[in-house]
Number of protein chains: 2
Amino acid sequence: MSKMYVVGIGPGGYEYMTIKAANVLKEVDVIVGYTVYIDLVKDQFPDKEFLSTPMRKEVDRCRLAFEEAAKGKNVAMICSGDAGVYGMSGLMLTIGAEEFPDIPVEIVSGVTATLSGASVLGAPLIHDFAVISLSDLLTPWEVIVKRIEAAAESDMAICFYNPSSKKRHDYLQKACDIILKHRSPENVCGTVENIGREGESFKVYTLKELRDTQVDMFTTVFVGNSKTQVINGRMVTPRGYRGVED
Amino acid sequence: MSKMYVVGIGPGGYEYMTIKAANVLKEVDVIVGYTVYIDLVKDQFPDKEFLSTPMRKEVDRCRLAFEEAAKGKNVAMICSGDAGVYGMSGLMLTIGAEEFPDIPVEIVSGVTATLSGASVLGAPLIHDFAVISLSDLLTPWEVIVKRIEAAAESDMAICFYNPSSKKRHDYLQKACDIILKHRSPENVCGTVENIGREGESFKVYTLKELRDTQVDMFTTVFVGNSKTQVINGRMVTPRGYRGVED
């Protein structure tokens, strides 16, 4: 019987994929994904059939993938990062269960921007952290505010996805203002652009500086906890609250 | 000049490693790590020199790695999962900067248990989430409580690391009691054991059931948000608060 895989391909470059993800993509007949992700893997798997739908047509993209599997083909739906973090694995399991219950779905993890971005910046997430998207496309802004507040007040490090867009150019500023109610303006922060792709770069800021910085949608933003330090130009969060040597 | 890598090897099996991690381990002269992690990679890289120190001797292990690099060897310090999530990358950057400033340190991301565990359970972390360790070895219990409270109240999904040990057999129960103040007893939860290794298994619970479940230290625990559903026996969190089709 045909099989459906939902595969996180990591931040971009082929080498950031897991060996399992690469093996699955080698094995399947069809690779389905958003156009930008297809472009990232096309050269490595030239003999595959590639199918895509535009951004925001996620439900159509899932159905397209299952329809191929229903024809007897093995199919991989690809996502950047990890398919389970703001990715397609939930929708694939839902649509699969409702409309294609006979096709088994296997999810193959990948390195999400939280992890790959952290490794570029240093070690901002060594201790407890929250992952929050600033996109209010599917989530009311009040819910997002409550989560930023919660993470700031309980001194978790924070990784922000979707920190900006044309319509939401001031959302990161708003988020920083909320955090500033609970943290020092000197709280260490950082941004990473184009993780694992050409033009990868990072920058370390204070929270106050980050507030007045304009980032684009290809940026992942990190806010350290109150103990995060700048060591040799990189963001480093200690393993706890009792000192490094404990 | 010699180089130091800090490498997350993922949940266990070789195929869950990134291609980059495997390439780095092939290239280096020495692999340093906690004994259990060395055992996971030994067979795949038989020609390497392996060095390890016991658990909790992390600072010694870092120095051991840098001392090898100082002899002119290329060295990889390995961690399970991702080196930046409760891993060694922070300590390596700190000790490196203080004691071995001439040795460059590169961090290579891996799939942490949050991601690999989620892929086994389904899609519990599709939306915002918090990652919290229940170990109070380096963190005061009051700080941990505050974070559980914050994540529960702001309706984030939660992934708990270190949910149990001999001394802390009732910590998960305490954590569930805190969450129950803000969430329904029916809130969907799940556990995964031996992720990516022999004996991998998962179980889905209600929050009330999880409260009365004893888990061991090889278990990763997931608490969904209030919208998380059980679909076809797996945990699925929607992409937002406006319905799947939005």
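Above this text is the structure in question.
As the structure is a computational prediction, the values presented were derived from the model and not from experiment. Along each chain, numbering runs from 1 in the same order as the chain's sequence is written. Whichever chain is written first becomes A and whichever ligand is written first becomes 1, with later ones labelled in order. Per-residue local features are limited, in this predicted model, to residues with pLDDT of at least 70; the limit for side-chain atom pairs, both in listing and counting, is 80 or more; totals at the level of whole chains, interfaces and linings are taken over all residues. Based on all heavy atoms of the structure, the side-chain values leave hydrogens and waters out of the count.

So, the pattern of salt bridges: which residues are in play, and what are the values?
A pair is scored as a salt bridge if a Lys or Arg side-chain nitrogen falls within 4 Å of a carboxyl oxygen belonging to Asp or Glu. Across all of its chains, the model carries 24 salt bridges over all chains by this definition. Across the pair Arg183 of chain B and Asp155 of chain B runs a salt bridge, and its minimum N-O distance is 3.3 Å. Pair noted here: Arg183 of chain B is in the loop between α7 (171-180) and β9 (188-193) and Asp155 of chain B is in the loop between α6 (141-153) and β8 (157-161), with a separation of 28 residues, a long-range link. Arg211 of chain B is paired through a salt bridge with Asp177 of chain B; the nearest N and O atoms lie 2.6 Å apart. Here the residue Arg211 of chain B occupies a position in helix α8 (residues 207-211), and Asp177 of chain B occupies one in helix α7, the gap between them amounting to 34 residues. One connected set of salt bridges, linked through shared partners, spans Glu49, Glu68, Lys71 and Lys73 of chain A. Helix and strand definitions follow DSSP, with helices as H or I runs of at least four residues and strands as E runs of at least two, each counted in order from the N terminus.

Talk me through the environment of Gly12 of chain A; I want residue IDs and the actual numbers.
Take Gly12 of chain A: it is sitting in the loop between β1 (4-8) and α1 (19-27). When the C-alpha atoms of Gly12 of chain A and Asn194 of chain A are compared, they prove to be 8.7 Å apart, with 182 residues separating the residues in sequence.

Can you explain the relation of the copies chain B and chain A? Please cite residues and give values.
Once turned by 180° and shifted 0.0 Å along the axis, chain B lies on chain A with an RMSD of 0.0 Å. Taken together, the rotation and translation relating the two chain copies correspond to the operation of a two-fold axis. Taken as a fraction of all interface residues of chain B, those also at the interface in chain A reach 100%, which identifies the copy contact as same-surface. The least-squares superposition of copies is restricted to C-alpha atoms, and to residues with a pLDDT of at least 70 in both copies. Any two residues having at least one pair of non-hydrogen atoms within 4.5 Å are treated as being in contact.

Requested: an account of the interface of chain B and chain A, with residues and values cited.
It is common to give the size of an interface as the accessible area lost on bringing the parts into contact. The interface of chain B with chain A comprises 68 residues on the first partner and 68 residues on the second. Here chain B packs against chain A, burying approximately 6100 Å² in sum over the two surfaces, 61% of which is carbon and sulfur. Inspection of the chain B/chain A interface yields four salt bridges. Between Glu58 of chain B and Arg239 of chain A there is a salt bridge whose closest N-O contact spans 3.7 Å. Polar contact is defined as a pair of N or O atoms within 3.5 Å, subject to the rule that within protein one atom must be able to donate a hydrogen and the other to accept it, and that residues adjacent in sequence are counted only when both atoms are side-chain atoms. Connecting chain B to chain A are 36 residue pairs in polar contact (both at pLDDT 80 or more). In terms of residue class, the side of chain B that touches chain A is made up of 33 nonpolar, 19 polar and 16 charged. Direction of pairing for strand β7 (residues 129-133) of chain A relative to strand β7 (residues 129-133) of chain B: antiparallel, over a ladder of three bridges. Bridging from a neighbouring strand, Val131 of chain A pairs with Phe129 of chain B of β7 of chain B. Accessible area that two parts lose when put together, with a 1.4 Å probe and added across both, is what the buried area reports. Classification convention: Asp, Glu, Lys, Arg as charged; Ala, Val, Leu, Ile, Met, Phe, Trp, Tyr, Cys, Pro as nonpolar; all other residues, Gly among them, as polar. Following DSSP output, two strands are said to pair if at least two bridges run between them.

Tell me about the side chain of Thr191 of chain A, and please be specific about residues and values.
Residues and elements named next belong to chain A. Within the fold, Thr191 resides in strand β9 (residues 188-193). Exposed residues in this analysis have more than 50% of their type's maximum accessible area, buried residues have under 20%, and partly exposed residues fall in between, with area computed by a 1.4 Å probe over protein chains only. The exposure class of Thr191 is buried, given its relative accessible area of 4%. What Thr191 contacts, discounting residues up to four positions off in sequence, is Leu121, Ser201, Phe202, Lys203, Tyr205, Leu210, Val215, Thr219, Thr220 and Val221.

Describe in detail the pairing of β1 of chain A, supporting the description with residues and values.
Residue and element names in this part refer to chain A. Burial analysis of β1 places five of its five residues in the buried class, the great majority of the element. Side-chain alternation along β1 places Met4, Val6 and Gly8 on one buried face and Tyr5 and Val7 on a second face that is also buried. For β1 and strand β4 (residues 75-79), the ladder comprises five bridges, and the chain directions are parallel. Bridging from a neighbouring strand, Tyr5 pairs with Ala76 of β4.

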